[in-house]
Amino acid sequence: MKLQEYTTSAHNFEECMKCTVCTAYCPVLQVNPLYPGPKQAGPDGERLRLKDPYFFNYALKYCLNCKRCEVACPSGVKVADLIQSARIKYDTHPPKLRDQMLASTDFMGKLARPFAPIVNAVTDLGVTKKTLDMVLDIDHRRTFPKYSGRSFEGWLKRRSKEQAAFPEQVAYFHGCYVNYNYPQLGKDLVKVLNALGVGVQLLDDEKCCGIAMIANGMAREAAKHAQHNVDVLGKAVSRGLKVVTTSSTCTLTMRDEYPELLKVDNSAVRDSLLMATRFIYEKLEQGATLKFRADYHKKVAYHTPCHLEKLGWGVFSERLLRMIPGVEFTMLASNCCGMSGTYGFKKENYEASQAIGAPLFEQIKAVNPDVVACDCETCKWQIEMSTGYPVMNPISILAEALE
Amino acid sequence: MRFDTVIMGGGLAGMIAGIALQQAGKNTAIVSMGQNALHFFSGTFESLKEPDERLAALFSAAGIRVHYREGVRLMPLGTFKKAALSLEDIDIFPNAKIARRVLIVNFLGYHDFFSSFLAEGLEKHGIECRIRFLSLPDLDNTKAHGEMRSVQIARSMDRIWEKVVQEIRLMLRDEDTVVLPQVFGLSDTTVPGRIRQSLPARVVFAGTMPPSVPGIRTQIQLRRRYQLLGGTFLMGDEAIRAHEHEGVVHSIATNNLDAHYLEADSFILATGGLFSKGLRSNPFQISEPILGLDVDHPENRNNWYNPAFAEEQPYMGYGVKTDAQLHAVKEGVTLKNVYAIGSILGNTRPELGSGAGLAINSAFAVVDTLLAEK
Ligand SMILES: Cc1cc2nc3c(=O)[nH]c(=O)nc-3n(C[C@H](O)[C@H](O)[C@H](O)COP(=O)(O)OP(=O)(O)OC[C@H]3O[C@@H](n4cnc5c(N)ncnc54)[C@H](O)[C@@H]3O)c2cc1C
Ligand code: SF4
Ligand code: SF4
């Protein structure tokens, strides 16, 4: 009678009791008539696909991989993993040029950085946007993330001696966004950690976490990045370092997507990889202190990114923000912003993307905060473009409020 | 992270306990693996009648409107059941002869509403029924490839319910009552009432297959209230282990927070029954997975179920053992600061009622015990 022990399935798909709860929480099912929804695309479809790959449905590409279905499922079915694994396994279409470009965030970053002012000016031009729209199906209504002229890596390298002097050390996986588009977030993190007596080191040549590649049909390339990153993280961990991050999506990808989707074993490093918010909260809980400005005042509305909700760590950001004396805090209702990495950039997804985010945008306008706080870079682009309110990472708010 | 009380399970029982404790100035967290039985809620709180003052106040502060009187309510398959405390959109009738003529309206392509069963059931009571299907361009989207479920329709209905009212006006002949599926008022709770006011016939909302729109609305209202009171809701996280020393639990570990334990003075177990995985079973035993509590069930597996499938099944009543104050029991020893509430009690405590009544009564009972402590 070992039967039950041996019938566990990949991504828990046999646990599905067909309760339909997931269908109530999928943002895409609500707005895109072509998408079959988490239940049909996930566990229902998997039963058919296991019989015959013929049943693979290309409409699975509309899944945002936001994981909201998994957070809601009462039976622990890894619905989104089922869907993404099926795409990896059965989707034989080579990705379009546009998708490859959108997916290669670090490659594009390296290319664009030396020409940042030009690239930024050009991607802002109406003509360019129209051209991108026509040639590449990148929606012309999007604003592009700006490229920064100097990389974060260069900035931190120049300060490596000064950082090494701190009694405690961590390594920082900054990700493509901080390196190429927004070094300020990295600098803010260094400021906060330094205030806690912690010095910040770079990893030994990190690569893009690979999430955009997974989303754009380039799983093999993503797996290479994953293996590389696990090795690099491993080196830091073996030196006794924790590795902190400021992006919820990079973190979820490296902790959970590596083993679940890309089959890359990360067990040696998984527990040492933390969002910086969690690392900082835990330090404070152990007795460390931060001194905040007496004159700081800000009305902050906090949006939990989908991937942070899945990680279950939004609570650390919330607690840190509430701790700052001058912060007037509002928790925004749980809602996907609709951007989901590169998804919203694609012309065919623009309308859906905006419709998904609409309730969030309305709530933000109703709260009318000074700033929206959020731990995800793509949510930031989407919310800033759609509401006009500035968006800051909780780490940047902490840094700003420090004495 | 430290709290006064950590509640495992964010269903009706867990949320009622959380709200009541926050209201009393306590600092609590709710950890919930997934969504809960409210997603299958009929809109009727089994085994409750008139709410007492504090339940009425709690519901009203959360924006949940309820009512009760003696009588019957209409079930999704056209049968009638004795009334209990219900959400306002659920009608309570003096008896089953609820109308003379009824117009039953469904949406074209929506398969989770059983109009012909309803008609058959109503006709048994001498009620004439006519079924009509509504086709709205705004809903064609939902039909195309994806699933057409109650919640998708409800999201559209929050916007376009007035169109539905117009269409029904045109359909109505001499019917005195219109029966509609429960797909209204998901985010705008005033919609069911406004539909009732805008039609020249009585409007009755009848249940659909899950997900339950009134149930999800109730869940959203309770969660919002809890968070507004400063409660910490850890959605999608699973309590996996408790750390106990001499009958006292100090902290629990969760799946997402791994080595970051949730510490508290007291713990409430509200993880539901077999359906919600608060209890688990294998061919040899039925167990409670987090703390390994004693579960009240017969040794011999053959006694767990009734081979007549449609009959009442004994396993549905199994639950964790407790003392009279609902302290949980492990290997015969009472845990001093762990309490069990809601459907994980099965019918081990019949004095507290059943269904939603059990969830609410047991939650308040434990809150009282906790607040009475020093
Ligand atoms: C299909 C169905 C329909 C029902 N309809 C009605 C009705 O119409 N009227 C009525 O009065 N009663 C109804 N009931 C009875 C129902 O059980 C109660 O009304 C009540 O909602 C139960 O609340 P609860 O909080 O005890 O449990 P649940 O609502 O089951 O909630 C338990 C929660 O705990 C979570 N959980 C489980 N394990 C863990 C863990 N290890 N860590 C963290 N979280 C965990 C689950 O994910 C779930 O969210 C129904 C029950 C079912 C199963
Ligand atoms: S995947 Fe989960 S939520 Fe969706 S139908 Fe299956 S059990 Fe229900
Ligand atoms: S991951 Fe998001 S978009 Fe994909 S099925 Fe789940 S809820 Fe829908």
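See the structure shown above.
Since we're looking at a predicted model, the values are computed, not measured.

**A look at the interface of chain B and chain A**
When the parts of a complex come together, some accessible area is lost, and that lost area is often used as the size of the interface. Taken together, the contact between chain B and chain A spans 39 residues of the former and 36 residues of the latter. Roughly 3,200 Å² of surface becomes buried between chain B and chain A when both sides are summed, with 52% attributable to carbon and sulfur atoms. Put simply, chain B and chain A have three salt bridges between them. Between E15(A) and K277(B) there is a salt bridge, with the nearest N and O atoms lying 2.7 Å from each other. Summed over the shared surface of chain B and chain A, the result is 13 residue pairs in polar contact (both at pLDDT 80 or more). The residue inventory of the side of chain B that touches chain A, partitioned by class, reads 16 nonpolar, 17 polar and six charged.

**Some thoughts on the packing of helix α5 (residues 150–171) of chain B against helix α6 (residues 191–198) of chain B**
Residue and element names in this part refer to chain B. In the contact formed by α5 and α6, the axes pass within 10 Å of each other and the chain directions differ by 20 degrees. Compared by their axis directions, α5 and α6 come out roughly parallel. For α5 against α6, the interelement crossing comes out right-handed. Mapping the contact onto sequence places D158, W161, V165 and R169 in α5 and V191, R194, I195 and S198 in α6. Residues belonging to the contact of α5 with α6 are distributed by class as follows: four nonpolar, one polar and three charged.

**Quick notes on the sheet that holds strand β7 (residues 85–87) of chain B**
Sheet strands pair by backbone hydrogen bonding; their relative direction is either parallel or antiparallel. Residue and element names in this part refer to chain B. Pairing is antiparallel across the open sheet formed by three strands, whose spatial order is β3-β7-β4. Two strands lie at the open edges of the sheet, namely β3 (44–45) and β4 (66–67), each paired on one side alone. Relative to β7, β3 is paired through two bridges, and the arrangement is antiparallel. By the bridge assignment for β7, T44 is matched with S86.

**Re the site of ligand 2**
What surrounds ligand 2 is a group of 14 residues, the closest being C16(A), C19(A), T20(A), C22(A) and C73(A). Looking at the shell around ligand 2 residue by residue, the class counts come to ten nonpolar, two polar and two charged.

**A look at the packing of aromatic side chains**
Residue and element names in this part refer to chain A. Using the criterion set out here, one finds 15 aromatic pairs over all chains in the structure. A centroid spacing of 5.6 Å and a plane angle of 80 degrees characterise the contact between F152 and Y172, whose relative ring orientation is edge-to-face. Taken together, the residues F152 in helix α9 (residues 152–157) and Y172 in strand β1 (residues 168–173) connect sequence positions 20 residues apart. There is no split in this pair, since F152 and Y172 are both buried.

**A short note on the site of ligand 1**
Residue and element names in this part refer to chain B. Taken together, 32 residues sit near ligand 1, with S42, E46, A239, S276 and S343 positioned nearest. The contact in question runs from an oxygen atom of ligand 1 to an N or O atom on the backbone of A37, over 2.9 Å. Within the backbone of T44, a nitrogen or oxygen atom sits 2.9 Å from a nitrogen atom of ligand 1. Against a free-state accessible area of 990 Å², the protein chains account for coverage of 88% of ligand 1. Going through the elements one at a time, α1 (12–23), β2 (28–32), β3 and α8 (355–372) are the ones with two or more residues in the shell around ligand 1.

**Observations concerning the side chain of R225(B)**
Residues and elements named next belong to chain B. Secondary-structure assignment places R225 in helix α7 (residues 213–228). Here R225 occupies a buried position and makes no salt bridge, while the nearest side chain of opposite charge, D52, is found at 15 Å. In this structure R225 touches I19, Q23, A61 and A62, once residues within four positions along its chain are discounted.

**A short note on the pattern of salt bridges**
Here the structure, examined in full by the defined rule, presents 35 salt bridges over all chains. One salt bridge connects K283(A) with E168(A), and the closest N-O pair in it is separated by 2.6 Å. Highlighted residues: K283(A) in helix α16 (residues 276–285) and E168(A) in strand β1, separated in sequence by 115 residues. Classification of E168(A) as partly exposed rests on a relative accessible area of 30%. For the salt bridge of R2(B) with D265(B), the shortest nitrogen-to-oxygen distance reads 2.6 Å. Here R2(B) is found in strand β1 (residues 2–8), whereas its partner D265(B) is found in strand β15 (residues 262–269), with 263 residues between them in sequence. By relative accessible area, which is 42% here, R2(B) ends up partly exposed. Each of R255(A), R278(A), E282(A) and D258(B) takes part in a single network of salt bridges with overlapping partners.

**Details of the nonpolar core**
All names here are of chain B. In this structure, F45 and L291 are the most contacted members of the largest nonpolar core, which totals 139 residues. Considering each element in turn, this core owes the most residues, nine residues, to α8. If we ignore the near neighbours within four places in the chain, the residues touching F45 are L12, F59, V66, A84, L85, S86, L87, A356 and I360. Membership of the second largest hydrophobic core comes to 50 residues, among which are I104, V105, M171 and V203.

**Things to note about the pairing of strand β21 (residues 333–340) of chain B**
Residues and elements named next belong to chain B. Pairing analysis gives three bridges linking β15 to β21, with the strands arranged parallel. Bridge assignment links I268 to a residue of β21, and that residue is Y339. In this structure, strand β20 (residues 327–330) lies alongside β21, joined through three bridges in antiparallel fashion. When the sheet's bridge partners are listed, H327 is paired in β21 with Y339. Hairpin remark: β20 followed by β21, antiparallel, with two residues in the connecting loop; positive phi at E331, about 45 degrees.

What counts and how
Residues numbered from 1 in each chain as written. Chains lettered and ligands numbered in written order. Predicted model: local features only at pLDDT ≥ 70, side-chain atom pairs only at ≥ 80, totals over all residues. Heavy atoms only, no water. Contact = heavy atoms within 4.5 Å. Buried area = accessible area lost by both parts, 1.4 Å probe. Salt bridge = Lys/Arg side-chain N within 4 Å of Asp/Glu carboxyl O. Polar contact = N/O pair within 3.5 Å; in protein donor to acceptor, adjacent residues only side chain to side chain. Nonpolar A, V, L, I, M, F, W, Y, C, P; charged D, E, K, R; others polar. Axes fitted to C-alpha atoms, helices over the stretch in contact; angles between N-to-C directions. Helix = DSSP H or I, 4+ residues; strand = E, 2+ residues; numbered from the N terminus. Parallel < 35°, antiparallel > 145°, perpendicular 65-115°, else oblique. Left-handed = near helix turned anticlockwise from the far one by under 90°. Pairing = 2+ DSSP bridges. Near = heavy atom within 4 Å. Phe/Tyr/Trp six-rings, centres within 6.5 Å; stacked < 30°, edge-to-face > 60°. Buried < 20%, exposed > 50% of the residue type's maximum accessible area, 1.4 Å probe, protein only. Areas by Shrake-Rupley, 256 points an atom, 1.4 Å probe, with all protein chains shown as cover. Lys, Arg positive; Asp, Glu negative; His and termini not counted. Core = buried A, V, L, I, M, F, W, Y, C linked by side-chain atoms within 4.5 Å.

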